[in-house]
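Overview (structure and organization)
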Amino acid sequence: MVKLIAEGKQYVDQIAVERANYERLINRIKTSHMTIRGAVGRWSVKEAIAHIHLCELYLAERIIHIFSNHDLDRYLSDGQFVRLFFGYDHPEFGTPFGSDYISVNIKIQKYSSIPLEDVVGLENMAYLSLISHLQMNEEQLMTRRRFYKQILVKILDLYDYHTTTIESWLAVLQ
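This report concerns the structure included in the present document. For clarity, every value in this text was computed on a predicted model and none was experimentally measured.

A look at the overall build of the protein chain
Tallying secondary structure elements over the protein chain gives eight helices and zero strands in all. Listed by position from the N terminus, the elements making up the protein chain come as α-α-α-α-α-α-α-α. In the protein chain, the share of contacts with a sequence separation of at least 24, taken over all contacts with a separation of at least 6, comes to 75%.

As for the nonpolar core
Judged by nonpolar contacts, the single largest core of 46 residues is most densely connected at I15, V45, L134 and I166. Secondary-structure elements contributing two or more residues to this core are α1 (11-27), α2 (45-68), α5 (101-109), α6 (116-136), α7 (138-143) and α8 (145-173). Setting aside residues no more than four positions away along its own chain, L134 makes contact with V12, I15, I63, L141, Y148, I151 and L152.

Some thoughts on the packing of aromatic side chains
Per the counting criterion, the structure on display carries one aromatic pair. The residue whose ring lies beneath R19 is Y127, and the NZ or CZ to ring-centre distance is 4.1 Å.

Notes on the pattern of salt bridges
Applying the stated rule across the entire model yields four salt bridges. Ionic pairing is found between R19 and E23, a salt bridge with its closest N-O pair at 2.8 Å. Taken together, the residues span about one helical turn, with R19 and E23 both in helix α1 at a distance of four residues. Residues R19 and E123 are paired through a salt bridge, measuring 2.4 Å at the closest nitrogen-oxygen approach. Placement of the pair is R19 in helix α1 and E123 in helix α6, with a sequence separation of 104 residues.

Digging into the packing of α6 against α8
As a packed pair, α6 and α8 sit with axes 13 Å apart at the nearest point and diverge in direction by 155 degrees. Comparing the axis directions of α6 and α8 gives the class roughly antiparallel. With respect to the hand of their crossing, α6 and α8 are arranged in left-handed fashion. Residue-level contacts link Y127, L130 and L134 of α6 to Y148, I151, L152, I155 and Y159 of α8.

Regarding the environment of S168
Relative to the assigned elements, S168 resides in helix α8. What makes S168 partly exposed here is its relative accessible area of 43%. Measuring from C-alpha to C-alpha, the distance between S168 and V40 comes to 9.1 Å, with 128 residues separating the pair along the chain. A polar side-chain atom of S168 sits 3.1 Å from the main-chain carbonyl oxygen of T164.

Notes on the environment of R37
Mapped onto the elements of the fold, R37 is located in the loop between α1 and α2. Through-space distance from the C-alpha of R37 to that of E47 is 8.6 Å; in sequence the pair is 10 residues apart. A polar contact of 3.2 Å, which involves the side chain of R37, links it to the backbone oxygen of R42.

Some points on the packing of α1 against α2
Two packed helices can be described by the angle between their axes and the distance between those axes. Between α1 and α2, the shortest axis-to-axis distance is 12 Å and the interhelical angle comes to 155 degrees. The orientation of α1 with respect to α2, classified from their angle, is roughly antiparallel. You can see that α1 and α2 cross each other, and the crossing is left-handed. Across the interface between the two elements, R19, Y22 and I26 of α1 pack against V45, I49, I52 and E56 of α2.

The rules behind the values
Residues numbered from 1 in each chain as written. Predicted model: local features only at pLDDT ≥ 70, side-chain atom pairs only at ≥ 80, totals over all residues. Heavy atoms only, no water. Helix = DSSP H or I, 4+ residues; strand = E, 2+ residues; numbered from the N terminus. Contact = heavy atoms within 4.5 Å. Core = buried A, V, L, I, M, F, W, Y, C linked by side-chain atoms within 4.5 Å. Buried < 20%, exposed > 50% of the residue type's maximum accessible area, 1.4 Å probe, protein only. Phe/Tyr/Trp six-rings, centres within 6.5 Å; stacked < 30°, edge-to-face > 60°. Lys NZ or Arg CZ within 6 Å of the ring centre and 35° of its normal. Salt bridge = Lys/Arg side-chain N within 4 Å of Asp/Glu carboxyl O. Axes fitted to C-alpha atoms, helices over the stretch in contact; angles between N-to-C directions. Parallel < 35°, antiparallel > 145°, perpendicular 65-115°, else oblique. Left-handed = near helix turned anticlockwise from the far one by under 90°. Polar contact = N/O pair within 3.5 Å; in protein donor to acceptor, adjacent residues only side chain to side chain.

Shown next as structure tokens:
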């Protein structure tokens with residue numbers, strides 16, 4: 001588990017640092033190795049990228065959804081707000097954080113026929129969307145510190161988990 005070391009508006013900077021470390025690792029992997037299963041448990045690196053894409057996309061969409069409905073923000077306690085955000089399953093999407101392993105795998109398998117470059121491009125767009133929504137809603141997020149930290153911890157843990165498992169896989173591969 002990654003510890004938040006930043007304060008206030010520096011949280012987004014900490015995400016950028018972890019993201020840069022993750023990208024450096026991904027750039028070390030040969031394209032031909034990206035689809036070999038086993039880099040992240042049963043997943044390939046390409047599938048891990050798809051998983052990160054799903055999580056970033058989910059977080060960005062949830063920020064939009066929650067903060068576009070001002071009544072939710074006004075009447076819920078921090079605990080209720082966090083449970084609503086991470087426990088709510090969007091009808092077409094579902095949370096990649098709380099869903100069972102099988103449903104997450106089904107979502108990731110949809111990316112198997114998409115070329116690697118496109119999956120990477122989609123993931124980069126989801127990351128940029130998440131960062132822009134964090135920055136646009138930063139004032140509201142800062143009033144919900146527990147909620148804000150949970151978003152940040154989830155994304156940092158995601159990068160950390162995939163980085164650690166891919167590094168282990170690369171050590172065995174070489």
